[in-house]
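Descriptive analysis of the structure
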Amino acid sequence: RVDTLDQQPEVQADLWATLGDVYPDMGDHMRGVEIHRRALAQRRRLYSGDHDKIVESLLGLGNALRSMNMNREAESLLEEGLAMQIRLHGELTERTVEVQRALAWAISRQGRDAESERAYRRALELAQRVPQISRRVLAAAYFGVAWIVRLQDRYAESEPFFKESLALLDRE
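Here the structure is a predicted model, which means the values were calculated and not measured. (Residues numbered from 1 in each chain as written. Predicted model: local features only at pLDDT ≥ 70, side-chain atom pairs only at ≥ 80, totals over all residues. Heavy atoms only, no water.)

Observations regarding helix 4 (residues 71-89)
- Counted at 1.5 Å a residue, the expected span for helix 4 with its 19 residues is 27 Å, and the 26 Å between its end C-alpha atoms agrees.
- All of the buried residues in helix 4 are Asn71, Ala74, Glu75, Leu77, Leu78, Gly81, Leu82, Met84 and Gln85.
- Where helix 4 is buried, its residues contact helix 2 (29-46), helix 3 (52-67), helix 5 (94-108) and helix 6 (113-129).
- Downstream of helix 4 by one or two residues, glycine 90 has phi in the positive range, about 80 degrees. (Helix = DSSP H or I, 4+ residues; strand = E, 2+ residues; numbered from the N terminus. Expected span 1.5 Å × (residues − 1). Buried < 20%, exposed > 50% of the residue type's maximum accessible area, 1.4 Å probe, protein only. Contact = heavy atoms within 4.5 Å.)

See below:
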């Protein structure tokens, strides 16, 4: 039981974060949100100010909330995580790209397609500049732009982004 790790709060928070990702995979999205909230609360108590573990929890909880269509709260947490990530490491990191993409998705799920497209394009712009970025993250950035453009019925414009995303994955 995770609760028995009270004397090891960092291990406890890490385990909660992991379980928060596992529960939705098993179909229990609400439990995933609850557990991610615990991890975030614990990490906020452990670390004052900006910290990588807090960014990780903000992204995890934001993603869990998105899976339950709680997109306004997800957007707020992801904005906080993105700002913290940039303060900690600057814009040119894979994690920054991942948080930017998650934020774009939360915005799109609220029907704000133009704003979401700007956010997805920003993620792609950053991804193209990150040194030694993984193909998976770069492909996901291309796919995000393709998806939001296609969602707005701009099929021809979306095609090159889809193709580049697939080509990157084929090279892996």
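Some words on the pattern of salt bridges
- Going through the model one piece at a time under the given rule, you end up with 19 salt bridges.
- Its salt-bridge partner being arginine 43, residue aspartate 14 comes within 2.6 Å of it at the nearest N-O pair. Residue aspartate 14 is found in helix 1 (residues 9-25), and its partner arginine 43 is found in helix 2; the two are separated by 29 residues along the sequence.
- Accessibility expressed as a relative area gives 29% for aspartate 14, which makes it partly exposed.
- Given a relative accessible area of 1%, arginine 43 falls into the buried group.
- For arginine 129, the salt bridge identified is with glutamate 125, shortest N-O distance 3.6 Å. A residue pair is termed a helical-turn pair when its members lie 3 or 4 positions apart in one helix, as arginine 129 and glutamate 125 do in helix 6 at four residues.
- On the basis of relative accessibility, which here comes to 43%, the residue arginine 129 falls in the partly exposed class.
- When its relative accessible area of 36% is taken as the criterion, glutamate 125 is described as partly exposed. (Salt bridge = Lys/Arg side-chain N within 4 Å of Asp/Glu carboxyl O.)

What to know about the nonpolar core
- Core analysis: the largest hydrophobic core is formed by 40 residues, its most contacted members being Leu78, Val97, Leu124, Ile133 and Leu138.
- Secondary-structure elements contributing two or more residues to this core are helix 2, helix 3, helix 4, helix 5, helix 6, helix 7 (135-151) and helix 8 (155-170).
- In contact with leucine 124, not counting residues within four places along its chain, are Leu138, Ala141, Tyr142, Val145 and Phe161. (Core = buried A, V, L, I, M, F, W, Y, C linked by side-chain atoms within 4.5 Å.)

Notes on the packing of helix 3 against helix 4
- In contact at an axis separation of 8 Å, helix 3 and helix 4 are set at 155 degrees when each is read in the N-to-C sense. When the interaxial angle is binned, helix 3 and helix 4 end up roughly antiparallel. Note that helix 3 runs across helix 4; the crossing there is left-handed. Counting all contacts with helix 3, which are made through Asp52, Ile54, Val55, Leu58, Leu59, Leu61, Gly62, Leu65 and Arg66, the residues of helix 4 involved are Asn71, Glu73, Ala74, Leu77, Leu78, Glu80, Gly81, Met84, Gln85, Leu88 and His89.
- Classifying every residue of the contact of helix 3 with helix 4 gives eleven nonpolar, five polar and four charged. (Axes fitted to C-alpha atoms, helices over the stretch in contact; angles between N-to-C directions. Parallel < 35°, antiparallel > 145°, perpendicular 65-115°, else oblique. Left-handed = near helix turned anticlockwise from the far one by under 90°. Nonpolar A, V, L, I, M, F, W, Y, C, P; charged D, E, K, R; others polar.)

Here we look at the packing of aromatic side chains
- Evaluated as defined, the whole model comprises three aromatic pairs.
- With a centroid separation of 6.4 Å and an interplanar angle of 40 degrees, the aromatic rings of tyrosine 142 and phenylalanine 161 are classed as tilted. Of this pair, tyrosine 142 sits in helix 7 while phenylalanine 161 sits in helix 8; the two residues are 19 residues apart in sequence, bridging distant segments of the chain. Exposure class is identical for tyrosine 142 and phenylalanine 161. Each is buried.
- Seen from their ring centres, phenylalanine 143 and phenylalanine 162 are 5.5 Å apart, and the 70 degrees between their planes marks the pair as edge-to-face. (Phe/Tyr/Trp six-rings, centres within 6.5 Å; stacked < 30°, edge-to-face > 60°.)

By themselves these figures say nothing about function.
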